[in-house]
Amino acid sequence: MKRLIKLGLLSLAASFFSVNASASCSATLEANDMMQFNQKTLSFSKDCKEISIELKHTGKLPAKTMGHNIVVVDSANIQAVATDGMSAGIANQYVKPGDERVYGFSKIIGGGETTTLTFKTDKLKVGGDYAFFCSFPGHWAIMKGKLEFK
Ligand code: ZN
């Protein structure tokens, strides 16, 4: 009898962990009218073939004045990608078309809107120095964080 209970607990634990592993391939991030993301670090398992980040703009201001997006790059490339993105304009979601330094980016959204960025991880290296940031002009200096792939 005791043995059966023990086995049952073990399989329960195993199913819990497998659910947990798949959950870590997605994350939710919030942005507001104060030009802030609500998280400094997003962590994903190296087992994720795809990463999915849902961005919620919890503010009220429209996209043309307080737009936000998520762009994933090497940490060292944030400023350069943001500068090129500014020239590309809102029609291109403030990301230079075909920019190879960008692993993934979402569209620009305004207050009350939600968007999801999904991208493949085949170009990411385990333990690499990655970042997410908002490429709306002037936001990158504050709106950025670390993206861990480990
Ligand atoms: Zn922003």
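One can find the structure itself at the top, above this paragraph.
Reading the values: the criteria
Residues numbered from 1 in each chain as written. Predicted model: local features only at pLDDT ≥ 70, side-chain atom pairs only at ≥ 80, totals over all residues. Heavy atoms only, no water. Pairing = 2+ DSSP bridges. Helix = DSSP H or I, 4+ residues; strand = E, 2+ residues; numbered from the N terminus. Axes fitted to C-alpha atoms, helices over the stretch in contact; angles between N-to-C directions. Salt bridge = Lys/Arg side-chain N within 4 Å of Asp/Glu carboxyl O. Buried < 20%, exposed > 50% of the residue type's maximum accessible area, 1.4 Å probe, protein only. Core = buried A, V, L, I, M, F, W, Y, C linked by side-chain atoms within 4.5 Å. Contact = heavy atoms within 4.5 Å.

Moving on to the sheet that holds strand β1 (residues 26–31). What holds strands together in a sheet is hydrogen bonding between their backbones, with the strands either parallel or antiparallel. A sheet is described by the order of its strands in space; here three strands give the open sequence β1-β3-β6, paired in mixed fashion. Of all strands in the sheet, those with a lone pairing partner are β1 and β6 (114–120), marking the two edges. Shown here is a sheet whose adjacent strand axes are inclined to one another by a mean of 20°, direction ignored. Taken together, the six bridges between β1 and strand β3 (residues 50–57) define a ladder with parallel strand orientation. Pairing of glutamate 30 across the sheet is with lysine 56, part of β3.

It is worth spelling out the pattern of salt bridges at this point. Within the structure shown, the criterion is met by six salt bridges. Taking the shortest distance from any N to any O, the salt bridge between lysine 120 and glutamate 50 comes out at 3.6 Å. You can see lysine 120 sitting in strand β6 and its partner glutamate 50 sitting in strand β3, a full 70 residues away along the chain. Of the residues examined, glutamate 50 reaches a relative accessible area of 38% and is grouped as partly exposed. Linked through salt bridges whose partners overlap, the residues forming this network are Asp84, Lys96, Asp99 and Arg101.

A few words on the nonpolar core. Leu29, Phe37, Phe44, Ile51, Ile53 and Phe132 are the most contacted members of the largest nonpolar core, which has 29 residues in total. Looking at this core, the elements that each hand over two or more residues are β1, β2 (41–44), β3, α2 (63–66), β6, β7 (130–133) and β8 (144–149). When sequence neighbours within four positions are dropped, the list of residues in contact with isoleucine 51 reads Cys25, Phe44, Leu117, Thr118, Phe119, Thr121, Leu124 and Phe149. In terms of nonpolar packing, the next biggest core, distinct from the first, is built from nine residues, Val73, Val81, Val95 and Val102 among them.

Before going further, it helps to spend a moment on the sheet that holds strand β5 (residues 104–105). Strand order in the open sheet made by the five strands is β2-β8-β7-β4-β5, with mixed pairing throughout. The open sheet is flanked by β2 and β5, the only strands paired with a single partner. Across two bridges, strand β4 (residues 71–74) lies against β5 in antiparallel orientation. If you follow valine 71 over to β5, its bridge partner there is phenylalanine 105.

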